[in-house]
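As a plain string of letters, each chain reads:
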Amino acid sequence: MLGDVSPLTCRSYGFDLLRWYRVLWALDVGWEQATEAEAAALVGWLRSARNPQRQRKRGGFQPGSVNPTTGKPLLQAGYAPATIAHNLSAVHGFYAFHMHFGRGPLLNPVPENRARRTALAHRSPIEARAQHRRGRLRPKVSVRQPRAMPEQQWDALFAQMGCARDRALLSCYVSSGARASELLGIGLGDVDWTKGQLWVISKGTRARQPVPASPQALAYLAAYLEEAGLPPDGMPVWRTRRGESRPLTYWAARRIIQRADEAIGANWTLHDLRHTAATRLARDPELTLVEVQTILRHAHITTTALYTVVGLDDLVDKLAEHYARPVQPTSWPTQYAADDIEAVFGARQ
């Protein structure tokens, strides 16, 4: 809170510290007497316990399995490695803050990674990042790859939208590349119909920034406003459709995608719409990578470059052509004698 970070970040770190304190309470250890042994107990519990948020309905896909429609793996039944790493970072920062004021134990319960600190110290941005070992207790966190929807699955998901609001919402997501919370907060004054822009409050900087919107998305948005009416002053554009008019929350928008997923047997999320928009922009030959970075508002171009990676699903047509072509026989230049080729490479090809 003193660092002026997002309230959602404070909430996330607060739950991490609550989990840490519950471990200390179970071990009957005060926070001032905590050592690396208690941090190891926290990691051990997170690696073995089941995450209550991963409970699935009966008849659904099992946690950790792969969805046959989308090819996306489902989350494991336990806590993800990224969750464990985040919890360790929160505990480390908590004790580092109190040690600055002379409170708490002499040593931080979460061991520091000196190899990482050395590898990243005084590094030029143009230099390749040096490899370093993981710190003690730190899990191995794999790099997350973009999860863009193929065109056919996007069409199937969009066909499940049963009202003008949902069609407008998905069209604005996939054309603007805005994050879920950013788009849900726009008001009527944030829509620039002439320039084809939407003004959102950026998640990172919390500055008011424009994002693009396609003509088709704006047409769906106009149809939704004509059907539902203009929102009152100070209320976001996206509202509930039943009962008293209220702003559409993230969890309600998430439920819209979940109902469509259940109908088509998929497991797409709201954030996958941003991945889809980013992949479409990055693979457009008329747009440079720097321009895509500006649209997506990435701080580093290396993040934007992740969306240029070609997946196996994008190579289906090229692979079909490759398998259909006959195998070309091996040929050698005429200036080489057949006996020399046989002596070097064995039997004649």
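Residues numbered from 1 in each chain as written. Predicted model: local features only at pLDDT ≥ 70, side-chain atom pairs only at ≥ 80, totals over all residues. Heavy atoms only, no water.

K.L.:
Teacher, can you tell me more about the pairing of strand β2 (residues 197-201) here?
P.N.:
When a strand is regular, its side chains alternate between the sheet's two faces. Burial along β2 is one-sided: Leu-198 and Val-200 are buried, and none of Gln-197, Trp-199 and Ile-201, which face the opposite way, are. As judged from the two bridges shared by strand β1 (residues 191-192) and β2, these two strands associate in the antiparallel manner. If you follow Val-191 over to β2, its bridge partner there is Leu-198. Turn length for the β1-β2 hairpin, with the two strands adjacent in sequence and antiparallel, is four residues, and the turn residue Gly-196 shows positive phi of about 70 degrees. Where β2 lies against strand β3 (residues 208-212), five bridges are found, and the strand directions are antiparallel. Residue Leu-198 lies in a different strand from β3, and its bridge partner there is Val-211. Linking β2 back to β3 in an antiparallel pair, the connection comprises six residues, with Arg-206 at a positive phi of about 60 degrees. (Buried < 20%, exposed > 50% of the residue type's maximum accessible area, 1.4 Å probe, protein only. Helix = DSSP H or I, 4+ residues; strand = E, 2+ residues; numbered from the N terminus. Pairing = 2+ DSSP bridges.)

K.L.:
I'm lost on the packing of aromatic side chains in this one. Help?
P.N.:
In this description, an aromatic ring pair is defined by two values, namely the gap between the centres and the angle between the planes. Inspection of every chain in the model, using the stated rule, returns 12 aromatic pairs. Each ring, one from Trp-45 and one from Tyr-79, has its centre 5.7 Å from the other, and the planes form 40 degrees; the classification is tilted. Placement of the pair is Trp-45 in helix α2 (residues 36-48) and Tyr-79 in the loop between α2 and α3 (81-100), with a sequence separation of 34 residues. Looking at Tyr-79, the relative accessible area reads 15%, which means it is buried. Measuring from centroid to centroid gives 5.5 Å for Trp-154 and Phe-158, while their planes differ by 35 degrees, and the two rings are tilted. Taken as a pair, Trp-154 and Phe-158 lie in helix α5 (residues 151-159) at a separation of four residues, close to a single helical turn. Pair check on accessibility: Trp-154 and Phe-158 agree, each one buried. (Phe/Tyr/Trp six-rings, centres within 6.5 Å; stacked < 30°, edge-to-face > 60°.)

K.L.:
Honestly, α2 in this entry has me stumped. Any pointers?
P.N.:
Every α-helix carries 3.6 residues per turn, so stepping three or four residues along brings you back to the same face. Counted at 1.5 Å a residue, the expected span for α2 with its 13 residues is 18 Å, and the 18 Å between its end C-alpha atoms agrees. Within α2 the residues assigned to the buried category are Glu-38, Ala-39, Leu-42, Val-43 and Leu-46. In a view along the axis of α2, the buried residues occupy a sector of 145 degrees, so they form one face of it. Exposed and facing more than 90 degrees away from the buried side of α2 are Ala-37, Arg-47 and Ser-48. Buried positions along α2 lie against α1 (7-27) and α3. (Expected span 1.5 Å × (residues − 1). Arc of directions from axis to C-beta. Contact = heavy atoms within 4.5 Å.)

K.L.:
I tried to follow the nonpolar core on my own but got confused; where do I start?
P.N.:
Side chains that are nonpolar tend, in soluble globular proteins, to be buried together. Grouped together as the largest cluster of nonpolar side chains are 38 residues, with contacts concentrated most on Leu-169, Leu-183, Leu-221 and Trp-238. The set of elements that each furnish at least two residues to this core consists of α5, α6 (164-176), α7 (180-184), β2, α8 (215-228), α9 (250-264) and α10 (270-282). Of all the elements, α6 adds the most residues to this core, at seven residues. Those residues in contact with Leu-169 that lie beyond four places of it in its chain are Leu-183, Leu-184, Trp-238, Leu-248, Ala-253 and Ile-256. Counting residues in hydrophobic clusters, the runner-up holds 17 residues, among them Trp-20, Trp-31, Val-43 and Tyr-95. (Core = buried A, V, L, I, M, F, W, Y, C linked by side-chain atoms within 4.5 Å.)

K.L.:
What is the right way to read the environment of Asp-192 from this model?
P.N.:
Secondary-structure assignment places Asp-192 in strand β1. Asp-192 gets classed as buried once you look at its relative accessible area, which sits at 19%. Dropping the residues within four chain positions of it, Asp-192 is found in contact with Gln-197 and Trp-199. Only 3.3 Å separates the side chain of Asp-192 from the backbone nitrogen of Lys-195, close enough to count as a polar contact. (Polar contact = N/O pair within 3.5 Å; in protein donor to acceptor, adjacent residues only side chain to side chain.)

K.L.:
Help me understand a nonpolar patch on the surface in this model?
P.N.:
Among the surface-exposed residues, Leu-2, Phe-97 and Phe-101 lie close enough to one another that they form a single nonpolar patch of about 370 Å² accessible area. Here Phe-97 lies in helix α3. (Patch = residues over 30% accessible without salt bridge, like charges linked within 9 Å, V, L, I, M, F, W, Y side chains within 5 Å. Areas by Shrake-Rupley, 256 points an atom, 1.4 Å probe, with all protein chains shown as cover. Salt bridge = Lys/Arg side-chain N within 4 Å of Asp/Glu carboxyl O.)

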